[in-house]
Amino acid sequence: MKQSNDNKQNESKLSRRDFLKLGGALTIGVASVGLAAPLFRPLSGEQTQQDLNKFISTRKKDFVDYTRARAIPTICFGCTNHCGVIGWVQDGKVRRIEGNPLDPNSLGNTCSKTHGMISYTYYPERLLYPIKRVGKRGEGKWRRISWQEAIQEVGDRLKTCRESGHPERFIFHYGRDKTKGFTKRFTNAFGTPNRLNRRAICSSNRRVPLMSYYGRDFEWETQDMENTKYILNFGSNPMEAYQGGLYMMHRIQKARVDNGAKMVSFEVRPTATVNCSEEYFKVMPGSDGAIGFAMANVIIDEGLVDKAFWERWANISLAEIKEHIKDWTPEHAEKLSGVPAKDIRRIAIEFAKAAPHCTTMTARGSAKHYNGTQGDRGLRMLDVLVGNVGRKGGLCLTSGRMWGGGKYGQDGLPSVSQPKPKPPKPKAFTPGTAAYEDLPDDIKAKVARLDPQWQKKYQGELATPAEYPLSWHWYGMKVGQLVQPYIREGRAKVDVYMSYTYGAAYGYPEAKVCREVLLDEKLVPFHVAIDIDYSEHAALADMILPEATSLERWDPHSTNCYGLVPYTGIRQPLVKPLGEAREIQVIFRDLARHIGGGMEQYFDYENVEDFYKEWYKNVSAKIPGGWEEFKRRGIWQDPDRAKDYELYERPVPEKELLGSTVDPETGVISNTIKGKKRTVGIMMPNPETGEMEAVRGFPTPSRKIQVYDPVFPLAAKSAGLPEGDPNGNALPTLFTIPGFDELKEDDMILTTFKWNVHTQGRSSQWEFHAEIVHTNQLFINTRTAQKMGLKTGDEVEVTVQRPRGLTYRGGINEVVGVVRNRVHLLDGVHERVVCFAHAGGHWEHGAVARAENRESLPIKEPDSGLKKDFSNEIWWSKERGGTGNGAPMNDVLPINPSPLVGGQNWFDNICQIRKIS
Amino acid sequence: MSDLPPIPWESPINKSRSLKMKRAGMVIDLRRCIGCHACSVACKTENEVPLGHFRNRVRYLEQPDVETLSFLPLLCMHCQDAPCLKACPTQAPTRLSDGRVVINQDKCCGMKACISACPYGAIYIDDTSGRADKCDLCTHRTSLDLKPACVASCPTQTLRYGDLGDPEDPVAKYAKEHNAKPFKEDADTHPSILYIQQEKWMEKAAATGVQLSSEDNEIIYEQNGRSS
Amino acid sequence: MNTINAFTPFGWPIIIYLTLAGLACGASLCAVVFLRTEKTAREGQSYVIARTALYVALGSIVLGALLLLYDLQSPGNFYRNFSEFNPSSAIAWGTRIIAVFIMLCIYSLFLLHSMNSQEKTSPIGPLLTGLLIFFALAVGIYPALVLGQASIARPLWEPLLLAPLFLLLGLDSGFALVQLLTFKKWQEDTLEKIRKLDLAVIIGQIILFALLLSISTFSEAGMNRLLFGEFSLWFWIGVVLIGWLLPFFFSFSHSPKKNTIILTQLSLLLGAFALRAVIVFSGQGPQAFIGS
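Residues numbered from 1 in each chain as written. Chains lettered and ligands numbered in written order. Predicted model: local features only at pLDDT ≥ 70, side-chain atom pairs only at ≥ 80, totals over all residues. Heavy atoms only, no water.

*Asks:* Any details on empty space enclosed by the protein? Residues and values, ideally.
*Replies:* Residues and elements named next belong to chain A. Scanning the entire structure with this criterion turns up 19 cavities of 30 Å³ or more. Taken together, 43 residues form the lining of the largest cavity, with R364, T752, K754, H838 and W906 sitting closest to its centre. Secondary-structure elements contributing two or more residues to the lining of the largest cavity are α6 (199–202), β10 (262–267), α15 (364–367), α21 (504–507) and β24 (747–753). Residues of the lining of the largest cavity, tallied by class, amount to 18 nonpolar, 17 polar and 8 charged. The space that makes up the second largest cavity amounts to roughly 210 Å³. Lining the second largest cavity are 17 residues, with F77, Y120, T501, I532 and R762 sitting closest to its centre. Of the residues contributing to the lining of the second largest cavity, the split by class is 6 nonpolar, 6 polar and 5 charged. Counting the residues that make up the lining of the second largest cavity, at least three belong to each of domain 2 (132–202 + 423–549 + 581–606) and domain 5 (740–915). (1 Å grid on protein atoms, 1.4 Å probe; cavity = no way out; pocket = protein on both sides within 12 Å on 5 of 7 lines; lining within 4 Å. Points joined across faces, edges and corners; volume = space filled by probe spheres on them. Helix = DSSP H or I, 4+ residues; strand = E, 2+ residues; numbered from the N terminus. Nonpolar A, V, L, I, M, F, W, Y, C, P; charged D, E, K, R; others polar. Domains from an automatic or database assignment.)

*Asks:* An account of the side chain of A:S877 is needed here, citing residue identities and associated values.
*Replies:* Residues and elements named next belong to chain A. Within the secondary structure layout, S877 lies in the loop between α31 (846–850) and β29 (909–915). Judged by its relative accessible area of 0%, S877 is buried. In contact with S877, other than residues within four places in its own chain, are A851, E852, N853, G882 and G884. (Buried < 20%, exposed > 50% of the residue type's maximum accessible area, 1.4 Å probe, protein only. Contact = heavy atoms within 4.5 Å.)

*Asks:* Residue-level account of the sheet that holds strand β2 (residues 84–90) of chain A, with values.
*Replies:* All names here are of chain A. Reading across the sheet, the 3 strands line up as β1-β2-β3 and stay open at both edges, with antiparallel pairing between neighbours. Of all the strands in the sheet, just β1 (70–75) and β3 (93–99) have a single pairing partner and so form its edges. With direction set aside, neighbouring strand axes in the sheet form an average angle of 30°. Sheet topology places β1 next to β2; 6 bridges connect them, and they run antiparallel. Bridge pairing in β2 places R70 opposite V89. (Pairing = 2+ DSSP bridges. Axes fitted to C-alpha atoms, helices over the stretch in contact; angles between N-to-C directions.)

*Asks:* Give me the interface of chain B and chain A: which residues, what numbers.
*Replies:* Of the residues lining the interface, 87 residues belong to chain B; the matching set on chain A comes to 91 residues. Both sides of the chain B and chain A interface together cover about 7500 Å² of buried area, and 57% of this is carbon and sulfur. On the surface where chain B and chain A come into contact, there are 10 salt bridges. Between B:R32 and A:D258 there is a salt bridge whose closest N-O contact spans 2.6 Å. There are 19 residue pairs in polar contact (both at pLDDT 80 or more) connecting chain B and chain A. For the side of chain B that touches chain A, the element with the highest residue contribution is helix α1 (residues 38–47) of chain B, accounting for 8 residues. Its residues assigned to classes, the side of chain B that touches chain A comprises 38 nonpolar, 27 polar and 22 charged. (Buried area = accessible area lost by both parts, 1.4 Å probe. Salt bridge = Lys/Arg side-chain N within 4 Å of Asp/Glu carboxyl O. Polar contact = N/O pair within 3.5 Å; in protein donor to acceptor, adjacent residues only side chain to side chain.)

*Asks:* Explain the pattern of salt bridges to me, and be specific about the residues and the numbers.
*Replies:* Taken as a whole and judged by the stated rule, the model has 96 salt bridges over all chains. Across the salt bridge formed by A:R95 and B:E48, the nearest N and O atoms sit 3.6 Å from each other. Remark: B:E48 occurs in the loop between α1 and β2 (56–62) and A:R95 occurs in strand β3; the pair is interchain, linking two chains. Among the salt bridges present, the one from A:D217 reaches A:R207, with a minimum N-O distance of 2.7 Å. You can see A:D217 sitting in the loop between α7 (204–214) and β8 (222–223) and its partner A:R207 sitting in helix α7, a full 10 residues away along the chain. Summarising the burial analysis for this pair, A:D217 and A:R207 share the class buried. Via salt bridges that share partners, A:K262, A:E279, A:K342, A:D343, A:R346 and A:E350 belong to a single interconnected network.

*Asks:* Can you lay out the packing of helix α2 (residues 45–71) of chain C against helix α4 (residues 90–113) of chain C for me, pointing to particular residues and giving the numbers?
*Replies:* Residue and element names in this part refer to chain C. Between α2 and α4, the least distance of the axes is 10 Å, while the angle of their chain directions is 150°. It follows that α2 is roughly antiparallel to α4 by the angle criterion. In this structure, α2 crosses over α4, and the sense of that crossing is left-handed. When α2 is examined against α4, the residues Y47, R51, L54, Y55, A57, L58, I61, V62, A65 and L68 are found in contact with a partner set consisting of I98, F101, I102, C105, I106, S108, L109, L112 and H113. Classifying every residue of the contact of α2 with α4 by side-chain character gives 16 nonpolar, 2 polar and 1 charged. (Parallel < 35°, antiparallel > 145°, perpendicular 65-115°, else oblique. Left-handed = near helix turned anticlockwise from the far one by under 90°.)

*Asks:* Account for the side chain of A:H82, naming residues and giving values.
*Replies:* All names here are of chain A. Tracing the chain through its elements places H82 in the loop between β1 and β2. A distance of 2.9 Å separates the side chain of H82 from the side chain of R571, its partner in a polar contact. Excluding residues that lie within four positions of it along the chain, H82 makes contacts with I75, C76, F77, R176, K178, Y247, H557 and R571.

*Asks:* Talk me through the sheet that holds strand β11 (residues 279–282) of chain A; I want residue IDs and the actual numbers.
*Replies:* Residues and elements named next belong to chain A. Read across the sheet, 4 strands follow the order β11-β10-β9-β12 without closing on themselves; strand pairing throughout is parallel. At either margin of the open sheet sits one strand with a lone partner, and together these are β11 and β12 (358–362). Taking each pair of neighbouring strands and ignoring which way they run, the sheet shows an average axis angle of 15°. Alignment of strand β9 (residues 230–234) against β12, held across 5 bridges, turns out to be parallel. Pairing of L232 across the sheet is with T360, part of β12. Running at roughly 140° to β11, helix α14 (residues 341–353) makes contact with β9, β10, β11 and β12 of the sheet. Helix α16 (residues 372–386) contacts β9 and β12 of the sheet and is inclined by roughly 170° relative to β12.

*Asks:* How would you explain the nonpolar core if you had to name every residue and give the values?
*Replies:* By size, the foremost hydrophobic cluster in this structure holds 121 residues, and its most contacted members are B:M26, B:L72, B:F183 and B:Y195. Residues from two domains meet in this core; each of domain 3 (215–399 + 709–728) and domain 5 (740–915) of chain A gives at least three. In this structure, B:F183 is in contact with B:L72, B:L74, B:M77, B:Y120, B:Y195, B:Q198, B:M202, B:E203 and B:A206, ignoring residues within four places of it in sequence. By size, the runner-up hydrophobic cluster in this structure holds 100 residues, among which are C:F166, C:F209, C:F235 and C:I261. (Core = buried A, V, L, I, M, F, W, Y, C linked by side-chain atoms within 4.5 Å.)

*Asks:* Tell me what's going on with helix α5 (residues 126–148) of chain C, and back it up with residues and numbers.
*Replies:* In a regular helix each residue adds 1.5 Å, so 23 residues correspond to 33 Å; α5(C) covers 32 Å between its end C-alpha atoms and thus fits that length. Of all the bends in α5(C), the largest measures some 30° and sits at C:I141, one to four residues before the proline C:P143. (Expected span 1.5 Å × (residues − 1). Bend = angle between axes of the 7 residues up to and from the residue.)

*Asks:* Talk me through the pairing of β12(A); I want residue IDs and the actual numbers.
*Replies:* The buried fraction of β12(A) amounts to 5 of the 5 residues, a majority that puts the element mostly inside the structure. The alternating pattern of β12(A) places A:C358, A:T360 and A:T362 and A:T359 and A:M361 on opposite faces, both of which are buried.

*Asks:* Can you lay out a nonpolar patch on the surface for me, pointing to particular residues and giving the numbers?
*Replies:* All names here are of chain C. Where nonpolar side chains cluster on the molecular surface, the patch consists of F228, L233, W236, I237, L241 and L245 and spans about 640 Å² of accessible area. In terms of residues, the nonpolar patch owes the most to one element, helix α9 (residues 232–252), which gives 5 residues. Tracing the sequence through the fold places F228 in helix α8 (residues 220–228). (Patch = residues over 30% accessible without salt bridge, like charges linked within 9 Å, V, L, I, M, F, W, Y side chains within 5 Å. Areas by Shrake-Rupley, 256 points an atom, 1.4 Å probe, with all protein chains shown as cover.)

*Asks:* With reference to specific residues and values, describe the pairing of strand β28 (residues 833–837) of chain A.
*Replies:* Residues and elements named next belong to chain A. Within β28, 5 of the 5 residues are buried, leaving the element largely enclosed by the surrounding structure. Side chains of β28 alternate between two faces, with V833, C835 and A837 and V834 and F836 buried alike. With 5 bridges joining them, β24 and β28 adopt parallel strand pairing. The partner of L750 across the bridge, within β28, is V834. Here strand β25 (residues 778–781) pairs with β28 via 2 bridges, running antiparallel. From the neighbouring strand, F779 faces β28, where its bridge partner is C835.

*Asks:* Can you lay out the packing of helix α4 (residues 147–163) of chain A against helix α23 (residues 584–595) of chain A for me, pointing to particular residues and giving the numbers?
*Replies:* All names here are of chain A. The interhelical angle for the contact between α4 and α23, taken along N-to-C directions, is 55°, at an axis separation of 8 Å. It follows from the interaxial angle that α4 and α23 lie oblique. Note that α4 runs across α23; the crossing there is right-handed. Residue-level inspection shows W147, I151, Q152, V154, G155, D156, L158, K159 and R162 of α4 in contact with α23, the latter providing I587, D590, L591, H594 and I595. Split by residue class, the contact of α4 with α23 holds 7 nonpolar, 3 polar and 4 charged.

So, in structure tokens, the structure goes:
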């Protein structure tokens, strides 16, 4: 019994254990089979193929679906180029921008900046409602107001100003205005000449040589890059940040890679253009002109001058020029620039031998110096010497932008001009006018010193500064960086200051001066800003009006075409303005109606499109399908038109010869057109027959290329420059920048530049661009840095000195400012140069630009349809261990307008660098 | 007056999707690159790639013997022998019929095996979804005969998209004519992205080259990273 | 080191997992050794050691698996690891290996617990022992193949060298941890044997690691970073001093005092962890990337 019990116990025990064992083993077995099951599926990694549609279905749900997105052509506003683009709109949002292949300038290419339009349109901190300040000016306290209230207040103030008899006390100051004259329509209708710009910041110094030589700036010279074989690049950077850069970059690369063209660059740092060059020479800033004169000498000495061209078109003899420049040899240039004389010789010969398929390329690098205007005049001479001007592969001049009747080279093009009625131009400040009598006495004395031709055009110190007659001799380039200092000095009075997408409070030299003036309510009683986001400048306003972005509004477009056939395009709204943002055309229309007094007649439209339809009626007439077809294409170009080669050899049309007179001495043909006496051409012998013919020539007073230009001494005298100052020389002249000849051992030259993903100072809030470039450390030559004991990442203090030349506060021995930054060592930087990039150190423009993980817009409404707030994703913020957004450089750069011309000399800053330990 | 040219951008509307190529690929002609980042930004805009990651990026490399820089666009190489395909346990990376390698988001569990296996650093984890993602040669575009976003936005025709499996394809011909080679050929993964005039030194420089700031290097410009 | 990016996909969770997988491998093999070497009795010392070892193995691998889960960026998709199978993926195999191994451990522990106090024969038969050995080795080796699958991109992770090294580290640390936990149960002569084995393990580690570093494709920059850069402290103090020199020194000291042995085992454990950290971290990063 016991045994059996035991047995039973044993049995039951065993069986239970066995059962569990079995169960466990079974579980393992089944689980293993289960785990192994997919092993026997008929697929293995490499052979796995997935069905396209299945894959598409796994993508994020809101990917850009091109089967249902709508493509609308428009014009890019990412930088100054304004390329034709296509925007893809899906669910009422612009999702993607691509090049418009019909654009003859871009040929369908775009750069990264075009996507900035999407960034700024849907930027979470975009301004969408009119706001009015409630705290002190600049304090950052605002309240939302209605458009009605906004128009009421601004309109009232403008009305009072206009009716007071001093319309010039309304100042309209813009940063980027590509309305092609629409804002001028407003200021002209108002009666103020003070539509102020930033051309002096940008390009005056390099436009003046162009206008002096060829009579106009033609928007820009237009090198025939497609066909060139040799490019001499003096400080120009079309691969990154240059007007026309995009149009040039693909043509240059094609010429280089496919056609074997050679590019030689003279620069201070390895720009993208330098990196695409066959040869790179580091030059001392401000010495490009020296190289130009040296090359001219070589070309003359080697007998490589295109004598036929020079004698036919230059307004001075070769012998005189040879005599004038004979001392500025390659050896002399080597001393100034550091470029070996033998290389200068070799390259000059290579360049000349490639003629006419060769061209110079100059820009801010050569021109934005105290001696840059005269230096660039020297460089311009190279093209005339080798006779590449207007020729295939050479330096061409095309009829350029916006075709109106009577402009040079635009025969046969439809006239595109603003709808009538057009407001008259504001009156000149002639003695007796209220505006003139308002001027301080010392300014009156300066006006009296001006040449009579300029006295007749004088319109106050902001629009036509008396000391800088060449800034408004050809057209109103003005001197933007002097506006705020002049207001502070009392040279002009202000009732209403309106800034339009403007960033001077951040981006101008000595920006602190601008901020001081804007903060002074006595000097600037009312400041209204029109902008798309909360900029440093807008932050100092009394009211901000939110503008529609370039994806939401109309603009006409035309610029010089590197394909050498003029064209035009239209910017059109792809989507409705977000929130309560409004197009400038609507804002101005409503203001004009509120001000009244005749202003309203120039803004007599309800629908903005109708206004542009009227503007473009002559183009629409040329297109089968008219306006709608033009909008559908976005671009129009006359496909049958010949390229703009040698415009100067084209005959003067019969109708312009009727009733004309010919100057017997110079052969210049003049005629009276629209009640004004103008030169229309020049009598020239036919190269084959020797018979005299009436040809266009150049739109200069002499109808020739003005290598010699008497306007310089005239301007020097008018501006009161000392006798013999080289800036006033009628012939291109070489001289050194004051102070550069006595540099101390540790003096460095601070130069500035823009990154290829940024534009002007208004792009740091574009998240994808800021992600690539958000800091602006100083680039410095490796050997120089090592001598100073610096390595990459070290912090330094940069002390910038006031310039020594005849300029704003020039010669005062003082420090302009001190800024801290980190250094980055690079072999390719010139030994005496530190390069400091723009676009860093913003303190407004929202979270992305500030590199902070928090929003900073004063007022934000919840609806909007903007992008999600990515202020948590800014990995480069200091909170996240990143580098932050860099250092603001502009406060330490001196206001330094070039004599006579007024262009800012960005690259003349003598500075000292000290390591911070 | 001549006829106006046709309008190219109106074509994809209501089209059906298909992949027609034998071996979809790209030729990158480094002689033309100007380092403008248009490809990176176009890609990020098109694909809404979160901040901190790039499917396509451009490196600035200091040349060893001269004082200038070279530019090097990098993206997924769509290897014919793809390490990511081998490494992923869940078969999230797969190949489409034209040979491109794509990541099926549905299958990814974010194990990062593909990231560690990729010799080109082309894959990242999208923080918003927690899934691995990378360049798919813009399948949503290319299946409608549009070029990938980066290629469409390259202003100097550095990037060229075509069928490397078709000897008559202009891009395949261009690749052959200019002796285009894979980047990091030693990895032996048979990429479908080929480079013209790439040099050996670039491989080394590419790993530490910067887009801009050396200070950022440790945080981001080591390709796709973001500090967590 | 807290950055996940294309150059550095793997961080601390993976390093800890690798260490735990090694522990699981070593501990389970330790269990097998003790189950086979002596007649087992429920109260016998070997039995206790084996049981502890299996608990260590199970605990480590479960903890490790949880860490892996934690490291997933989309844990919701975890099931895909079982519904999909990519035969060329080491992880795909590894997932299944871990699963089987966990079940084997649980089953073996169950058998050990349910055995009769009088029983003289081990309840874990030859088949189960064989399976345990096989899967323990698999758990020890497969992580090396996971890293090895990235060896095109990251030359330091050469699977042919990593596999024996990881196995060695696993055995070493597994035995060490079990020894620490059951110190009192060990016999003098076994301890002495183990001490000699430790020496061999250290020498093996040094040889394999030296071979790993001498792989021609591993970059100079990567080497510099490992030896003098950001990981140098981990390497010189964690690996060389604690992992190698200390146990090496102790293994020559006479009279195996309790403290010495404990210190030796602790330093071996820490050393194994440090070495894995060094391998994982310095195998990643731009300096260690292919072509650098």
